[in-house]
Amino acid sequence: MNYNTPIRNVSSILHQLKLNFINNRISQAVLSSTMAIVPFSVLRGLIVVASTLCLNFHWQKASLWLGNLQQTMLVFLPVLLNIVFSLQWAVRYRLSIMLSISFSLTVLLGITGLEHNHDANFLIGVSLPVALLSAIFTNLILEKNIKLFRTNKIKFNLPSIKTLLVFFSKILSLILIGHVILHASSWITSDIAKAIYPDNFLHGLLYELLREGTWFFGIHGVYIFQDTGLKLMNETMANIDAWKTGRESLNIISVPFYDTWCASGGCGGTLSLLICLLISRNPSNRHLIGVSLPLAIFNINEPLIFGVPVVLNPVMFIPFLMTPAMDYIIAYYATLWHIVPPMQQMVGWATPTLINAWIGTHGSINAILFQVFLIGMGIGIYWPFLRYMEKRDYKEIRLPCGDTRFVPLKENQFQLSIPGHREVESPHHYLSEVNEYIDARRKINELQNSGNFVLWFQPQITLDERKIVAMEVLLRHQTDDGKITPPYFLKYYERLGMMPEVDFWVLETAIQTVHHELSRFPGMILSVNISPQTLLDPNFLSLVSKLMRQPLPSGWKLEMEITESQKVTQPEQVVEVLAILRQFGIKIALDDFGSGYSTLSYLTQYELDKIKLDRTLVLGLAREGGEAFLHHVVQLCKTSGCQVLIEGVETEEEHQIVQSCGIHLAQGFLFHRPQPINKLRELLEAKI
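Residues numbered from 1 in each chain as written. Predicted model: local features only at pLDDT ≥ 70, side-chain atom pairs only at ≥ 80, totals over all residues. Heavy atoms only, no water.

## Quick word on the confidence of the model for the chain
Part 1: Per-residue confidence for the chain gives a mean pLDDT of 79; residues scoring 70 or more make up 80%.
Part 2: Predicted confidence is poor over residues 117-124, with pLDDT under 50, and the contacts of this stretch with residues over four places away or in other chains come to seven contacts.
Part 3: Counting contacts from residues 397-432, a segment whose pLDDT is below 50, to residues more than four positions away or on other chains yields 77 contacts. (pLDDT = per-residue confidence, 0-100. Contact = heavy atoms within 4.5 Å.)

## Describing helix 15 (residues 314-336)
Part 1: Here helix 15 contains 23 residues, and its C-alpha end-to-end distance of 33 Å stays within 8% of the 33 Å for a straight helix at 1.5 Å per residue.
Part 2: At the C-terminal side of helix 15, His 338 shows a positive phi close to 65 degrees. (Helix = DSSP H or I, 4+ residues; strand = E, 2+ residues; numbered from the N terminus. Expected span 1.5 Å × (residues − 1).)

## Some details on the pattern of salt bridges
Part 1: Considering all chains together, one arrives at eleven salt bridges under this definition.
Part 2: Through salt bridges with shared partners, a single network forms among Glu 472, Glu 561, Lys 612 and Glu 647. (Salt bridge = Lys/Arg side-chain N within 4 Å of Asp/Glu carboxyl O.)

## Focus: the pairing of strand 6 (residues 525-530)
Part 1: With respect to burial, strand 6 is a largely interior element, six of its six residues being buried.
Part 2: Inspection of the sheet shows strand 4 (residues 468-479) paired to strand 6 by three bridges, in the parallel sense. Bridge assignment links Glu 472 to a residue of strand 6, and that residue is Ser 527.
Part 3: Strand direction decides the pairing type here: strand 6 and strand 7 (residues 557-563), joined by six bridges, are parallel. Residue pairing for strand 7: Leu 526 is matched across the bridge by Leu 558. (Buried < 20%, exposed > 50% of the residue type's maximum accessible area, 1.4 Å probe, protein only. Pairing = 2+ DSSP bridges.)

## Observations regarding the pairing of strand 4
Part 1: Strand 4 sits mainly inside the fold: ten of its twelve residues count as buried.
Part 2: As judged from the eleven bridges shared by strand 3 (residues 451-462) and strand 4, these two strands associate in the antiparallel manner. For Pro 459, the partnering residue across the bridge sits in strand 4 and is Met 471.
Part 3: Taking the residues between adjacent antiparallel strands as the criterion, strand 3 and strand 4 are bridged by five residues, where Arg 466 takes a positive phi near 55 degrees.
Part 4: As paired elements, strand 4 and strand 5 (residues 484-485) share two bridges and run antiparallel to each other. Counted as the bridge partner of His 477 is Thr 485 from strand 5.
Part 5: Hairpin geometry of strand 4 and strand 5 is characterised by an intervening segment of four residues between the two adjacent antiparallel strands and by a positive phi of about 95 degrees at Gly 482.

## Side note on the packing of aromatic side chains
Part 1: One pass over the structure, following the stated rule, counts 20 aromatic pairs.
Part 2: Ring pairing ties together the aromatic residues Phe 201, Tyr 207, Phe 257, Tyr 258, Tyr 328, Tyr 332, Tyr 333 and Trp 337, which thus form one cluster.
Part 3: Lying over the aromatic face of Tyr 258, Arg 211 brings its terminal NZ or CZ to 5.0 Å of the ring centre. (Phe/Tyr/Trp six-rings, centres within 6.5 Å; stacked < 30°, edge-to-face > 60°. Lys NZ or Arg CZ within 6 Å of the ring centre and 35° of its normal.)

Here it is, written out as structure tokens:
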């Protein structure tokens, strides 16, 4: 029997599930939100350490104040996650930031307010899953209905009012459904809480495994089982107080037991993993170590978990579970057999390793040595899995000088698709991305408040007869005082992912203009620029199909220019889209040829009707060999069977040279400048 076949099948299924999860935009948003609140967790961890130190120096008031502060931060964490998720969703999917956050918080407060309607401070009872799920579903509803809020003025006619009522009924239904589910789930969660509450050895082990297990999906288990954790904390504090008065013996299982023995460096005992990375010879780990080491001192390990990665990685998740499980088992029996004393004091989870063992056991040397032993055991568990990952993902080669280098095997590497650094998303990068988004939104609002967008047209002519045969549609901004601005502002729309909306408006308006203003000038081509973003938009083809139902005036053709200066991220899909456009009778032109990405591959990949040579080739005529180079470029383009047009012809000398190179179509200031529709109409009338 061949055992390799089912193993490969299972591996393939797991890999596909992993890819589906990674490519799912909701899971991406959850992972990004988790990473974005790392600074908040770091700050809370430092406050926990400060509170613990104050307690050991007998500064009771300071310790109590700091303890209350970190507890308040913990209570606020679900609300913060709700806000951060809504913020980053708005950034990614071009929603209003204020609307996204406002509606998400409204739904969250509505759900929890109904559940705790007799408590004025019901916000304190918010759980993290409720906060996250309310943000997810609210933003999905808002995304479906965002067109309601994308106009400056909402028209209060019957269709608009009906749409608004449907939208708010969805929000209200979400609140009611959330309340019902939350109320019903309280019965289930109470039974689960009883089953996993660590009141004996097996329940304590199950509790630890479940807390660690949620990390496979990038979710912090401490927050998921927050109610159980708070109950255990209260019981631990009561047990320690009773022990101090001689009324009870110390429990083995307690909050400091988990924090000290099972979480060195953070969940999963990842201090051992970090040490493995330090002793590994793979230089690709250096950046990850630099990011993770300072945080690991305070038992914060999100960069390490996402960077190795442990999340969605079955190979590294095995030792991630095994290490704390073995720590728990050995520490339990070591405490039971009096090898180490039980925990005698609350120790903040962010208290550094070794120091927490010293404080928690009131200065036991055995406890410190025992913790070192557990870390060493964790290294032994993590090391073979890490080496397997390195051998699978990297090829180790030995150089003639004797040094060893690791060459990455790209086909085997697995990294999470999260914005930021290739190994771990930087919160600073995330904030920078948000700032850029907000700046772009501000610039666009300024444009919309100061004027309107208008279409100008630049004719394209034949060089031999100087006959106008086509016109390119150009977007301009006209201020209220009549000033015309070139399209520098398009970068802001591109930054926000709003180029499809811009291109849709230009396309529709240009076609309407031809019908209303230029229908009596037959035999023309209307050339419209289409960005790669728009080509890949799911609504693009349906919009074009709708527009083409009303044919252009007699003799007119529609041409779409693909901007070659912008990188196409999915060329295979673009090929399919262009093929469908050609079926609609639309001509395809490649714009800015010679100035951007993948120039030669475009000629072979795409079926084109026209190639527009960029002005940089005209400017190159002034250099030695520039004319010969242009001649060769033209011959290369003609081998594809396309018409060749050159842009930016501004002098008569340039005109003569480009014509001698075999070019028959041109566009430039020498012939016609961009002009508004009334000037274009006058020009065409004069040509009749």
